Amino acid sequence: MKLVVKKFGGTSVGDLGRISQVAELLRKFLAENPGVGLVVVVSAMAGETNRLTALAKSLVAEPDPRELDTLLATGEQVSIALVSIALRQLGIPARSFDAQQAQIATNNRHLEAQIEGINAAALNAALARGEIPVVAGFQGVDEEGSITTLGRGGSDITAVAIAAALKADACYIYTDVDGVYSTDPRICRYAKRLTQTSHEEMLEMASLGAKVLHPRSVYFAMQYAVPLVVLSTFNPERGGTWVVPEEELVEKAVVTGITYRNDEAKISVHHMPQGIKSFNLVFSALAEQGIFVDMITQAGAADGTTTVSFTVPDEASSKALALMQALVPKIKAEGASLERDIAKISVVGVGMRYHTGVAAKLFEALAAEGIDVSMIATSEIKISVLVPRKFSEVSIRALHRAFIENQPEIALERGAAAV
Ligand code: ADP
Ligand code: ASP
Ligand code: MG
């Protein structure tokens, strides 16, 4: 039997009118595709996860993670019931499934749990009965039976993981934009919709801030070869963006996308005596506390000392600063400081593998706007720079002009040599 998974995000189920619209979209799909199996995955109604988080945090600053997960999971539980009620009203035999009922097993890392397996038996049995399972996104159950959640935006992961477990023919991610754009269309009105993007560049774009897909959902799609498409709930006929293996790309643009993240902070340890020992102490102190470090730079001074700077997730920044301040006397550094008003802007594209000059063009575009870059990180298919947060939108628009608007479409032969 042909089978598809269709996931609807928070805005798509944001109120009862939109839920009726989703039900109608699904009714039409089923009428036009008789015999095709369908599993629906839904997010909480727009704003609900934020509301629930704020509710718990107004009680205590750091709510117990297990209890917070129990609370957050209710958002998706409301949606599965309402969508199922709306579908049944149209004569469609829908049946809601929470994570326990859908048998979505995760580890016990509350608030950022990872799916370890889905026992397809329950969903397959429903499908065999001719039902349409409507599954709660974002949630799972750990070994002890506690409710877990997968991290913000995690319903995308649920959808792709179910598609992989059920060996579905495709996973459709319906959202409030009609595909993946060259940058966030809310920031740059010249953003272009991509008809295709490769797993690898989508994974980079998602990890570097394009929140239209959760990075782990892209990883699962790549790992389990799940055909994945992003499209609009409100204008599905406009088509969308397919995420495909790199060898299936028709065009390999040098830069496909420009992304930004505002949720990192920069810490500097000033004027440490040079030598690998101090570096080791700095980074092992962070690692021992489970703090992720992203970009790192060092700058030597004429007096023979070194200043090391690095970025960490903003929520871990106070803890990281305290750790560094405690280390300062031990490593004989001059002091430690924290900067929070920064943004990481990245340009991503598989064509960078074959083209030189991307960094030069990036610095030229930012320099023309008078924007200073304080850190740089590169990989084969991306360059990220750190800029003052107040310049993040100007930087995105400048880079979009330089790399996308003023650029002829570049279609590369597969395996073309770098020039
Ligand atoms: P959903 O609730 O449907 O999961 P999200 O809010 O998580 O939707 O993701 C969709 C949003 O992602 C869009 O409204 C858009 O503002 C944002 N976005 C950021 N970068 C991009 C991009 N490159 N292409 C498309 N949308 C993007
Ligand atoms: N409701 C969750 C969130 O807001 C999951 C999701 O929407 O994907 O993050
Ligand atoms: Mg989302």
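Residues numbered from 1 in each chain as written. Chains lettered and ligands numbered in written order. Predicted model: local features only at pLDDT ≥ 70, side-chain atom pairs only at ≥ 80, totals over all residues. Heavy atoms only, no water.

**Focus on the pairing of strand 1 (residues 3-8)**
Part 1 of the argument: Of all 6 residues in strand 1, 6 are buried, a share of seventy percent or more.
Part 2 of the argument: Neither face of strand 1 is exposed, since Leu3, Val5 and Lys7 on one face and Val4, Lys6 and Phe8 on the opposite face are all buried.
Part 3 of the argument: Relative to strand 2 (residues 37-42), strand 1 is paired through 6 bridges, and the arrangement is parallel. Opposite leucine 3, over in strand 2, you have glycine 37 as the bridge partner.
Part 4 of the argument: Crossover handedness for the path strand 1 to helix 1 (residues 16-32) to strand 2: right-handed. (Buried < 20%, exposed > 50% of the residue type's maximum accessible area, 1.4 Å probe, protein only. Helix = DSSP H or I, 4+ residues; strand = E, 2+ residues; numbered from the N terminus. Pairing = 2+ DSSP bridges. Right-handed = clockwise from strand over helix to strand, strands pointing away.)

**Quick word on unusual backbone geometry**
Part 1 of the argument: Within the chain, phenylalanine 138 stands out as a residue other than glycine whose phi angle is a positive 75°.
Part 2 of the argument: Within the secondary structure layout, phenylalanine 138 lies in the loop between strand 6 (132-136) and strand 7 (139-141).
Part 3 of the argument: The phi angle at lysine 332 is positive, at roughly 60°, despite the residue not being glycine.

**A word on the packing of aromatic side chains**
Part 1 of the argument: Enumeration according to the criterion identifies 7 aromatic pairs in this entry.
Part 2 of the argument: Centroid distance tyrosine 219 to phenylalanine 220: 6.4 Å. Interplanar angle 45°. Geometry classified as tilted.
Part 3 of the argument: Judged by relative accessible area, which is 37%, tyrosine 219 ranks as partly exposed.
Part 4 of the argument: Ring centres of phenylalanine 283 and phenylalanine 310 lie 5.5 Å apart, and the angle between their planes is 65°; on these two criteria the pair is classed as edge-to-face. In this pair, phenylalanine 283 is assigned in helix 9 (residues 276-288) and phenylalanine 310 in strand 16 (residues 305-313), connecting sequence segments 27 residues apart.
Part 5 of the argument: Taken together, the aromatic side chains of Phe8, Tyr172, Tyr174 and Trp242 make up a single cluster linked through ring pairs. (Phe/Tyr/Trp six-rings, centres within 6.5 Å; stacked < 30°, edge-to-face > 60°.)

**With respect to the environment of valine 141**
Part 1 of the argument: Note on placement: valine 141 falls in strand 7.
Part 2 of the argument: What makes valine 141 buried here is its relative accessible area of 12%.
Part 3 of the argument: When sequence neighbours within four positions are dropped, the list of residues in contact with valine 141 reads Ala99, Gln100, Ile104, Ala105, Thr106, Ser146 and Thr148. (Contact = heavy atoms within 4.5 Å.)

**Digging into the packing of helix 7 (residues 199-207) against helix 8 (residues 215-223)**
Part 1 of the argument: At a minimum axis separation of 8 Å, helix 7 and helix 8 run at an interaxial angle of 165°. As judged from the angle between their axes, helix 7 and helix 8 are roughly antiparallel. Here the hand of the crossing between helix 7 and helix 8 comes out left-handed. Contacts between helix 7 and helix 8 involve His199, Glu200, Met202, Leu203, Ala206 and Ser207 from the former and Pro215, Val218, Tyr219, Ala221 and Met222 from the latter.
Part 2 of the argument: Class assignment for the residues of the contact of helix 7 with helix 8 results in 8 nonpolar, 2 polar and 1 charged. (Axes fitted to C-alpha atoms, helices over the stretch in contact; angles between N-to-C directions. Parallel < 35°, antiparallel > 145°, perpendicular 65-115°, else oblique. Left-handed = near helix turned anticlockwise from the far one by under 90°. Nonpolar A, V, L, I, M, F, W, Y, C, P; charged D, E, K, R; others polar.)

**What about the sheet that holds strand 3 (residues 94-97)?**
Part 1 of the argument: The strand order across the open sheet formed by 8 strands is 3-6-2-1-9-11-12-10, and the pairing between neighbours is mixed. Edge positions in the open sheet fall to strand 3 and strand 10 (196-198), since each of these has one partner strand only. The mean inter-strand angle of the sheet, taken between neighbouring strand axes irrespective of direction, is 20°.
Part 2 of the argument: When strand 10 meets strand 12 (residues 240-244), the two strands line up parallel, connected through 3 bridges. Residue pairing in the sheet places threonine 197 in a bridge with valine 243 of strand 12.

**Side note on the site of ligand 2**
Part 1 of the argument: In the vicinity of ligand 2, the residues found are Ser43, Ala44, Thr49, Glu76, Phe138, Arg152, Gly153, Gly154 and Ser155.
Part 2 of the argument: For ligand 2, a nitrogen atom lies 2.8 Å from a polar atom in the side chain of threonine 49.
Part 3 of the argument: Separating an oxygen atom of ligand 2 from a side-chain N or O atom of arginine 152 is a distance of 2.6 Å.
Part 4 of the argument: Class assignment for the residues of the shell around ligand 2 results in 2 nonpolar, 5 polar and 2 charged. (Near = heavy atom within 4 Å. Polar contact = N/O pair within 3.5 Å; in protein donor to acceptor, adjacent residues only side chain to side chain.)

**Description of the confidence of the model for the protein**
When pLDDT is low, close inspection of the predicted coordinates is not appropriate.
Part 1 of the argument: Overall, the prediction assigns the protein a mean pLDDT of 94, with 97% of residues at 70 or greater.
Part 2 of the argument: Per-element confidence in the protein is highest for strand 6, whose mean pLDDT is 99, and lowest for strand 15 (residues 296-300), whose mean pLDDT is 92.
Part 3 of the argument: Here residues 409-419 is a poorly scored stretch, pLDDT under 50, and it has 21 contacts once near neighbours within four places are set aside; other chains count. (pLDDT = per-residue confidence, 0-100.)

**What to know about the site of ligand 1**
Part 1 of the argument: Taken together, 16 residues form the shell around ligand 1, and within it Thr175, Asp176, Tyr181, Asp184 and Arg186 come nearest.
Part 2 of the argument: One nitrogen or oxygen atom from the side chain of threonine 175 is found 2.6 Å from an oxygen atom belonging to ligand 1.
Part 3 of the argument: Residue arginine 186 places a side-chain N or O atom 2.5 Å away from an oxygen atom belonging to ligand 1.
Part 4 of the argument: Protein coverage of the free-state accessible area of ligand 1, which is 570 Å², stands at 90%.
Part 5 of the argument: A per-class count over the shell around ligand 1 returns 6 nonpolar, 5 polar and 5 charged. (Areas by Shrake-Rupley, 256 points an atom, 1.4 Å probe, with all protein chains shown as cover.)

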